[in-house]
Amino acid sequence: MKFTKRILCIIQILIFIQLYLCQDEQYSRILNDDINNINILLSNETLTDVNHYLDDVLTENLFNSSNLIPESIIEYSSTINIPMKYITDEEDYTSIESIAFSILTNQQILQAITILAGIANENISYTFNIENDRLKIIFSQDNLLDIILTTKNDTELINNGQWHRLYIERSNRKLRFILDNVEQSNTELPDEWQKTINIFIGAQLIIVPNGNYNGKIGDIIVSNMNRPLNLREKDNSNENFEDSITTIISSSINQSQSIQTIAFLPNDNNEIIFPSPIKFFFKTFSFSFRTYSNLSTLIQFDEIQLNIDIDGYLILVIRDQLVQKIFSNEKQKPINDGKLYIVQLELNNQTLETWIDKNKKISTELSRSYLIIENFLFGLHNQFIGCIENVTYNNQIFSFENLSLNRQKCFLNNMIIKSSIDDIHIDQIISFKDNDRPLIINFDKPEEFHIFSFIFSTQESNCIICSLADNTYNNFIILSIRYEYLVLTYYNKQKQPREILINNSINDKNEHKIIIKLINQNYLLFEFDENTKIENMIDKFYINTIYIGKLDYFIKERLSNFNGDDFIGCIKNIMFNKKLLIESKHIYPLDRLVNTCQITTREPKNVISYISSDISFSIRDYDDIIELQIPSNDQFYQCQIAIKTQSFNGIIASIYSNDNYYGLFLFLNNGKLQLKYYLTNNRTLQLIFNDNQTINDGQLHYISIFRQISNKSMYIQIDNRTINISNLLSLSLFFDVITIGGSDRIISDNLFVGCFANITYNHHPVLPEGIVKSDRYDCFCDQGSICDRQMPCSNMQPLQFCGQTDCSLVCTSSIDMNNKGSLRYFTQIGSGQYEQIYLMIFTISDNSVLFTTQNDSIQVSIVIQNYYPRLIIQNGGIIYTYDFPGRVRGDQWHVLQCQKTLNTIDLTFDDETRHYTYFIEYFSLFGDRKVYLCGKNFIGYIQDIIFMADNHHENLIHNSIRNPGLIDYDPSVLWNNHANIPERKFD
């Protein structure tokens, strides 16, 4: 009988093994029936003994048998954080695939634990979690709803110290979850999920990614149509596998780290100062975080900050070092997506290495080879909202048990980090008033154009509504209002621009619906309310940028003659390819979202006269610093400046946004150019460009910061060198203030002293007339150099001429020599029947004396009175006045020419001449051959000073260079290079 029992027990064990390995329910029932039949063969008394014997076998022998225990077992302890990573070969799409593995644990689960995570193509990810002692599998793809598979309520707990086999199968679009041969749950993949991508085959599998699991895992099998695939272990020494899991763990795990977590909540995000528990040299530092924030500081220690920039990228900021982005993977996506990321820093000698993905390490050379950290500051300036966890310094984990309880817990579902409408597409009315910013939508990947529609209302007669363009701007569509009619313009690089006109007046403040649709690949349907036009005019193309409310700057570069005012009115229900397009991030400010449209009128434009960009001036003290308002709704594309300086340090210029609290600052640091990005809200100054060549050599240097139309990247150009600014923080920058020569937002110990010229913003001059102090028009630009009154371009002994064959005379003071002029010249020609004075001037003086000569009682002068030049002849108490035909402007050069015959005077101002007949006694323009220039109150430049008498002529400056004895002047007179003005012919 004992032998029979033993045989029956062996048979029952073998059947049980089949039952355990079987995955077909029908077959399982057959096997169970076989077991029951065997049990019937045994007597009741014997059955008890057998079952007791079976219990002993199953607990002691069965799961310890080499045939039943998983062949490959990995044992994990939460004290050893060494996750493993595996991968299978990619295979063609299959209709049936599966993943299976076994686990054994008796760990008391106090928080969610991930035992396996996977990453597949098309951003598909999944995690096998233990929550509340039960299994939970979560599948995610981009922004789609998660798919969750769980165990049944009556299923025994997973942490009972026994082996359990998990099996997940995808059969076409159906997912099944089987635990220990019993189906727990199943679901259909929704239509939005990718239909042609495997989930398990070819995926990366990370075992125990968080290192907080105590137990065993065995026999991981990925199968294609029940055919097991080779599972290869990846080399963890060459890449940071934590990065692979950061993008999938956080979306599926609801963790509660009670001691190792700092929570920064919307209503409680004060910064935390944590004294370093280790007074030793810095070696390693790591932490994990999750957030939706941007423009914030996570951690600061010593001179090092880890920030999130305006675009949501993690950046390393070190004083006087270039800002560097820290990427999480090959796709280089922002990290403010609410998912978990692990950051690591390591200092070796003077090299600080930082990474999320070890393949994306960044290295920075510090100024010293050691750091001793006194304090760590978390959430600096109360800007960060999110979680910081598992902070480890030199392998010691920080404990935050002294924080309030609500700051120790960080549940993703309780982190209301984004605004209530973030990531929600908006169909609400958006108002467009004068000077409002455009809506700018840039797609991550170009999307094929099918249909574009919206509803709008306006009273404008001529304006730009919107544009759609590909990434090269070789193909684009512009929708505009021209003389009250709606016009669609399509531009193709290979063709002439084509237009479709709707002959209906639309500026009636009523709502109108527009639909632009591509049909049959190359026919464009343009529908306005009930009016429809179809044109064979378009090729298939992909949209990269949609610009609403203003003309896209890059399109303006393509079509320089295409102009139109900004749109004023209301727009709603903006849809592209049948999907709502607008999110809250596209709208600034958000109060433009309204329930009722109220159309405003366009404000009258102020006519501003700007100083020509080639006019130069100087900055010499803090009172000279110029601050200007620029249009706040113009997206930044270009700014340019030319400088000449010998300063070593100082702020050259800055552009700043009072709306967004950021700015770009151009510095000189030890004679080298630096570009820094300033964030007011966390008071950080980030170095984003550091030149390696000095430019404080007293020569002219052109500096330009611009975006390139071909790739929209940002560049800085210094003379003939062009450098890509890969770490400039955003391509959608708006500024409203430009400052020349300094800044009131950043304190600098050094004033930049030098000359400026060619200042433009988005290719427009920015300096209005009168903004520069009158005595600062003491520089000018001339073909490769800027000259000024303090530093002439070159000297020639014994006179301080510019040293070239020609110069420009600089009059800087009202000090007169003999009360007539600061400069006296002895002309070599005498009087004649025909006499002429020719000179070019540049001045900002409104009332001054330019030229004087005298012979006995007759004095001849050229003066400026209320900006109008006049010839004055004074004979005793009698004064004769003759007006030049023009007005002096403070932003350009002028030609003054006086011609005299025996009884006529011709006065020429630029290209206009006025003729006079005089009846006074004889006089000469050259008097007693002593000519005075730079008279009372005249400040400016004089050049090309030419005197003629009959057949003789002389150039004052040429003669003075050759014969210095002809000229005498006081110290206020200086010499600069001859300005490059088109030569004018004279008789």
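Residues numbered from 1 in each chain as written. Predicted model: local features only at pLDDT ≥ 70, side-chain atom pairs only at ≥ 80, totals over all residues. Heavy atoms only, no water.

In the annotation of an unreviewed UniProt entry, the chain is listed under the name Laminin G domain-containing protein and assigned to Rotaria sordida.

Here the focus is the environment of Tyr-313. If you trace the backbone, Tyr-313 turns up in the loop between strand E19 (304–308) and strand E20 (314–318). For the pair Tyr-313 and Gln-324, spaced eleven residues apart in the sequence, the C-alpha separation amounts to 9.9 Å. (Helix = DSSP H or I, 4+ residues; strand = E, 2+ residues; numbered from the N terminus.)

By the definition in use, this model includes two disulfides. Shown here is the disulfide that connects Cys-570 with Cys-597, its sulfur atoms set 2.0 Å apart. Because the torsion about its S-S bond is 90°, the bridge between Cys-570 and Cys-597 counts as right-handed. Here the residue Cys-570 occupies a position in strand E39 (residues 569–576), and Cys-597 occupies one in the loop between strand E41 (593–594) and strand E42 (617–619), the gap between them amounting to 27 residues. Owing to a relative accessible area of 3%, Cys-570 belongs among the buried residues under this scheme. A sulfur-sulfur separation of 1.8 Å characterises the disulfide bridge that pairs Cys-811 with Cys-934. Across the S-S bond of Cys-811 and Cys-934 the torsion is about -50°, and the bridge reads as left-handed. One end of the pair, Cys-811, is in strand E57 (residues 807–811); the other, Cys-934, is in the loop between strand E67 (930–933) and strand E68 (940–949), with 123 residues separating them in the sequence. Across this residue pair, the class does not change: Cys-811 and Cys-934 are buried. (Disulfide = S-S within 2.5 Å. Buried < 20%, exposed > 50% of the residue type's maximum accessible area, 1.4 Å probe, protein only.)

This brings us to the sheet that holds strand E52 (residues 737–740). A sheet is described by the order of its strands in space; here six strands give the open sequence E43-E52-E45-E46-E47-E48, paired in antiparallel fashion. The open sheet has two free edges, formed respectively by strand E43 (626–629) and strand E48 (684–694), since each of these has just one partner strand. Going across the sheet, the axis of each strand differs from the next one's by a mean of 15°, ignoring polarity. Note: E43 against E52, four bridges, orientation antiparallel. Bridging across to E52, Ile-626 finds its partner in Ile-740. (Pairing = 2+ DSSP bridges. Axes fitted to C-alpha atoms, helices over the stretch in contact; angles between N-to-C directions.)

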